[in-house]
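Here is how the chains run, residue by residue.
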Amino acid sequence: DGFAGRLKRRENGGMISAWIGTPDPLLVNHLSQEAFDTIVLDMQHGMWDMASAANGIAQVRLAGKPAIARIPVGDFSSASRLLDAGASAIIAPMINSADDARALVKATKYPPLGERSWGPSLALNHFGIAADEYLQGANGLTVTIAMVETRAALDAIDEILAVDGIDGIFIGPSDLSIALSNGARLAPDSAAIDQTLAHAVARCRAHGKLICAFGTDGERAGQFLKLGLDLVIAGAETAQLRAGARTAIETARKV
Ligand code: 3PY
Ligand code: MG
């Protein structure tokens, strides 16, 4: 569906993705109608299981958009299954070394890059292509993204980026802020995170790979796009829903 190519070209100055943890495909249907470039279904801290995620992916595809899934920590077999269900990209949390990155590639790329097992029946339907075409194209069509959100990952950022089959990294500012403060602070919007991000952008550019990050709201997402990130989150769906509710109540009390 040209997602990988569009990401690399940074059309419209980078992509803005929704981020949904509530395991309801109908919620995905509604948010897909907004001007998001893509939708992330979060299986790490969100409540999706494999069946609901497959239905969620179908709703994103129904809106004509690429779907992304974030897997739970180390759950690389789910990464293959989500690609089989038609995800265009996988975000894997807590990738802390080149070995972690290679294990992720093993599950998400077909030979010779990896050892992804064959069975993309829903993906073939969603992408509307024949099996042999998917086999030839999938390694380039689907995007494998490693989360950098610990000190170990920062130290190994060049080794992780050098792994063939890793298409880019995703910065997790919450975990990174906890790691950088040795557990003292949750500060995803701090100056320390901004410095780390600038460094990560430079390393990704040097390796010719993608850089993405979680922004807590639209303001933060805009700052990330200005920094040159390829894909940003503008807050989770629960935060957006509650902010909308708060505004409606405040407005009603003011009229
Ligand atoms: C983090 O900030 O740690 C993430 O994983 C993104 O929510
Ligand atoms: Mg995290």
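Throughout, a residue's number is its position along its own chain's written sequence, starting from 1. Whichever chain is written first becomes A and whichever ligand is written first becomes 1, with later ones labelled in order. pLDDT decides what is reported in this predicted model: residues at 70 or higher carry local features, side-chain atom pairs at 80 or more are listed and counted, and totals for whole chains, interfaces and linings draw on all residues regardless.

Novice: So what's going on with the site of ligand 1? Which residues, and what values?
Specialist: Within the structure, ligand 1 sits among Pro93, Glu149, Gly172, Pro173, Ser174, Asp175, Pro188 and Phe214. The greatest single-element share of the shell around ligand 1, amounting to three residues, is contributed by helix α10 (residues 173-180). Looking at the shell around ligand 1, its residues break down into four nonpolar, two polar and two charged. Residues are classed as near a molecule or strand if the C-beta position derived from their backbone is within 6 Å of it. Helix and strand assignments come from DSSP, with helices taken as H or I runs of at least 4 residues and strands as E runs of at least 2, each series counted from the N terminus. Each residue receives one of three labels: charged for Asp, Glu, Lys and Arg, nonpolar for Ala, Val, Leu, Ile, Met, Phe, Trp, Tyr, Cys and Pro, and polar for the others, Gly being one of them.

Novice: Explain the environment of Val73 residue by residue, including any values.
Specialist: For Val73, the position within the fold is in the loop between β3 (67-70) and α4 (76-84). As a C-alpha pair, Val73 and Gly165 span 92 residues in sequence and 19 Å in three-dimensional space.

Novice: Could you give an account of the sheet that holds strand β4 (residues 89-92), naming the residues involved and the relevant values?
Specialist: DSSP-based pairing: two strands are paired if at least 2 bridges between them are found. The strand order around the closed barrel formed by eight strands is β1-β2-β3-β4-β5-β6-β7-β8, and the pairing between neighbours is parallel. Across this sheet, the average inter-strand angle for adjacent strands is 25°, counted without regard to direction. Where strand β2 (residues 38-42) meets β3, four bridges bridge the pair, whose relative direction is parallel. By the bridge assignment, Leu41 is partnered in β3 with Ala69. Two residues qualify as a contact pair if the distance between their C-beta atoms, derived from the backbone, is within 7 Å. Axis geometry follows a simple rule: fit a line to the C-alpha atoms, using only the stretch in contact for helices, then measure angles between N-to-C directions, giving values from 0 to 180 degrees. Of the strands in this sheet, β4 and β5 (143-148) touch helix α5 (residues 98-108), which is tilted by about 155° from β5.

Novice: Now, about unusual backbone geometry: what can you tell me, with residues and values included?
Specialist: Note the cis peptide between Pro111 and Pro112, where omega equals 10°. Counting through the fold element by element, Pro112 comes out in the loop between α5 and α6 (121-127). At Asn12, a position not held by glycine, the phi torsion is positive, near 60°. Within the fold, Asn12 resides in the loop between α1 (3-9) and β1 (15-20). Overall, Asn12 belongs to the exposed group, with 11 C-beta atoms counted inside 10 Å. For Asn182, which is not glycine, the phi dihedral falls at a positive 50°. Once C-beta atoms are placed from the backbone, each residue is buried if 20 or more other C-beta atoms lie within 10 Å of its own, exposed if 12 or fewer, and partly exposed for counts between those two.

Novice: How would you summarise the pairing of strand β8 (residues 231-234) if you had to cite specific residues and measurements?
Specialist: What you see with β8 is no split at all: Leu231 and Ile233 on one side and Val232 and Ala234 on the other are buried throughout. In this sheet, β8 lies alongside β1 in parallel orientation, the contact comprising three bridges. Note that in β8 the partner of Ser17 across the bridge is Ile233. Note: strand β7 (residues 210-215) against β8, four bridges, orientation parallel. Within the sheet, the bridge partner assigned to Cys212 lies in β8 and is Leu231. Note on the crossover from β7 through helix α12 (residues 218-227) to β8: the handedness is right-handed. With the strands pointing away from the viewer, any crossover whose connection runs clockwise from the first strand over the helix to the second is right-handed.

Novice: Quick rundown of the UniProt feature "domain: HpcH/HpaI aldolase/citrate lyase" (unreviewed entry) in the protein? Include the residues and the values.
Specialist: UniProt's entry tags residues 19-241 with the feature "domain: HpcH/HpaI aldolase/citrate lyase" (unreviewed entry), counted in the numbering of this structure. The distance separating the terminal C-alpha atoms of residues 19-241 is 12 Å; by composition the span is 49% helix and 16% strand. UniProt positions are given in the numbering used here, feature names are shortened, and annotations may be inferred rather than shown by experiment.

Novice: I'd like to hear about the packing of α4 against α5, residue by residue, with values.
Specialist: Remark: α4 packs on α5, axes separated minimally by 8 Å, with the N-to-C direction vectors making an angle of 35°. Crossing handedness for the pair α4 and α5: right-handed. Facing α4, whose interface residues are Phe76, Ser77, Ala79, Ser80 and Leu83, α5 presents Ala103, Leu104, Ala107 and Thr108. When the residues that make up the contact of α4 with α5 are grouped by side-chain class, the tally is six nonpolar, three polar and no charged. Crossing chirality is assigned from the near helix's rotation relative to the far helix, an anticlockwise turn below a right angle marking it left-handed and a clockwise turn marking it right-handed.

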